[in-house]
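Summary of the model geometry
Now for the letters of each chain:
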Amino acid sequence: MLKAPDHQVAGHQAQDGNLGPLIDGSGRFYKPLQSDERGPQEVLFYTSFASNPTVPNHIRLFFPAFHGTVTLPASDGSGPHPHLVLDDLVHGFSHPSLLDLKIGSRTWYPTSSDKYFKKCFDKDKETSSLTLGFRISGLRVYKGEGFGFWKPDKNAVKGYVTAGDVESVLRRFVSSSADPSMDCAFDSVVYGGADGILARLLELKVWFEEQTEYHFYSCSVLMGFEREAAEKGREGRVMVRLVDFAHVLDGGGVIDHNFLGGLCSLIRFLKRILTDAGANVVGKDPPFMENGCLE
Ligand SMILES: Nc1ncnc2c1ncn2[C@@H]1O[C@H](COP(=O)(O)OP(=O)(O)OP(=O)(O)O)[C@@H](O)[C@H]1O
Ligand SMILES: O=P(O)(O)O[C@@H]1[C@H](O)[C@H](O)[C@@H](OP(=O)(O)O)[C@H](OP(=O)(O)O)[C@H]1O
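Conventions used here
- Residues numbered from 1 in each chain as written.
- Chains lettered and ligands numbered in written order.
- Predicted model: local features only at pLDDT ≥ 70, side-chain atom pairs only at ≥ 80, totals over all residues.
- Heavy atoms only, no water.
- UniProt positions renumbered as here; feature names shortened; annotations may be inferred.
- Pairing = 2+ DSSP bridges.
- Helix = DSSP H or I, 4+ residues; strand = E, 2+ residues; numbered from the N terminus.
- Contact = heavy atoms within 4.5 Å.
- Axes fitted to C-alpha atoms, helices over the stretch in contact; angles between N-to-C directions.
- Near = heavy atom within 4 Å.
- Nonpolar A, V, L, I, M, F, W, Y, C, P; charged D, E, K, R; others polar.
- Polar contact = N/O pair within 3.5 Å; in protein donor to acceptor, adjacent residues only side chain to side chain.
- pLDDT = per-residue confidence, 0-100.
- Salt bridge = Lys/Arg side-chain N within 4 Å of Asp/Glu carboxyl O.
- Buried < 20%, exposed > 50% of the residue type's maximum accessible area, 1.4 Å probe, protein only.

As recorded in an unreviewed UniProt entry, the protein chain goes by the name Inositol polyphosphate multikinase, listed as coming from Acorus calamus. Note on the protein chain: under the UniProt heading Function (unreviewed entry), the record states "Inositol phosphate kinase with a broad substrate specificity." Taken verbatim from the UniProt record of the protein chain, the Sequence similarities (unreviewed entry) comment is "Belongs to the inositol phosphokinase (IPK) family."

Next comes the structure, spelled out in structure tokens:
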């Protein structure tokens, strides 16, 4: 039985009669092909990436496994529609805390139409993309039994614009309490450690410093963890993946400085949080006070 995923934190969603992804509850995530060029472009990326022998195996693990395409009834009721068949990255998690970060200071690319350039440029400028090299696209953080999930709505997420706002979210993502305080209780097991998010991002960065085959525009780092494991001080169930490849271009022998720059910026934030856990946050609190909604 297919259903809309509870854990989705960003992107087009299968709610209110819209077209969005579905899961089967057995480990597969079905992403509908967008009807313009984005759908075929994402299929093309997954297909060519899957058979590219130059991609190291440890880098392949950052990408959802691809199992072809399948035609399924679309979530918006419009009838049969082609979907990408991917691994559900959070299958087996009980209460995944997830954060989607769109990487790159610009989401438009040299061949973009004027219309698409304007749409992207405006968004890059209004968010933290232009200044920080990445922006928060969405999140959902488990706050423990009886507290549910903290899931800021779209407007709240759009309000995370300054370095202080973004740092606050990154701190609160690994904080234990349900209120807006930021104790960063899980930073060492989630961000730190040999298998933590920082180590994984550094591994990814090494590849991005070399690879010149792909330019990943509008692609996201999806990071997550299982709170129950973090509470026990276990590093297990920490996840870092890349998602959304509808705008991957041929790198043409040039490094992807747009993605690499954003990745370095994100790494810098995490390093700072790890070395400075518990310190006062530079940013403003209002986004959390106004939108400290628990699901
Ligand atoms: N393979 C996957 N397994 C589990 N969850 C996923 C997977 N791929 C994506 N997601 C969830 O769906 C969200 C959106 O994914 P994605 O960015 O691919 O969608 P989109 O509709 O193309 O987004 P955009 O609005 O940026 O174009 C992610 O933030 C994540 O929560
Ligand atoms: O971040 P938000 O506010 O959810 O906005 C979406 C985000 O900018 C996506 O990157 C974009 O898809 P593309 O990157 O593929 O253009 C999508 O465009 P769309 O609404 O035209 O699909 C926007 O709605």
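1. Details of the sheet that holds strand 1 (residues 22-23)
By way of backbone hydrogen bonds, the strands of a sheet pair with one another, either parallel or antiparallel. Within the open sheet, the four strands sit side by side as 1-2-4-3. Their pairing is antiparallel. Either end of the sheet is taken by a strand with one partner, and the two such strands are strand 1 and strand 3 (66-73). Examined bridge by bridge, strand 3 and strand 4 (residues 80-87) share six bridges and lie antiparallel to one another. Bridge pairing in strand 4 links V70 to H83. Here helix 1 (residues 38-50) sits on the sheet and contacts strand 2 (28-32), strand 3 and strand 4; the angle it forms with strand 4, its principal contact strand, is near 35°.

2. Description of the site of ligand 1
Close contacts around ligand 1 come from 17 residues, with H12, K31, D87, L89 and D100 the closest. At the level of secondary structure, the elements contributing two or more residues to the shell around ligand 1 comprise strand 2 and strand 5 (96-103). Split by residue class, the shell around ligand 1 holds seven nonpolar, four polar and six charged.

3. Remarks on the site of ligand 2
By nearness alone, every residue bordering ligand 2 is listed as H12, R38, K102, Y116, K119, K123, R135, K154, K158, S218 and H247. A distance of 2.7 Å separates an oxygen atom of ligand 2 from a polar side-chain atom of R38. With respect to ligand 2, the side chain of K123 contributes an N or O atom lying 2.6 Å from an oxygen atom. Mapped onto the shell around ligand 2, the elements with two or more residues apiece are helix 3 (114-126) and helix 5 (154-158).

4. Brief notes about the confidence of the model for the protein chain
The predicted model of the protein chain averages 93 in pLDDT, with 93% of residues at 70 or higher. Note on residues 278-292: pLDDT is under 50 here. Beyond four places in sequence and across chains, it has 30 contacts. Scoring the predicted complex yields pTM 0.94 and, for the interface, ipTM 0.94.

5. Some remarks on the pattern of salt bridges
Evaluation of the coordinates by the stated rule reveals 13 salt bridges. A salt bridge links D124 to R135, with the shortest nitrogen-to-oxygen separation between them at 2.9 Å. With D124 in helix 3 and R135 in strand 6 (residues 134-142), this residue pair connects regions lying 11 residues apart in the sequence. Accessibility classification places D124 together with R135 in one group, the buried group. Ionic pairing is found between D276 and R171, a salt bridge with its closest N-O pair at 3.3 Å. Of the two residues, D276 is situated in the loop between helix 10 (257-275) and helix 11 (286-291) and R171 in helix 6 (residues 163-173); the sequence distance between them amounts to 105 residues. In this structure D276 comes out as partly exposed when scored by relative accessible area, which is 27%. What makes R171 buried here is its relative accessible area of 0%. The network of salt bridges with common partners includes E167, R171, R272 and D276.

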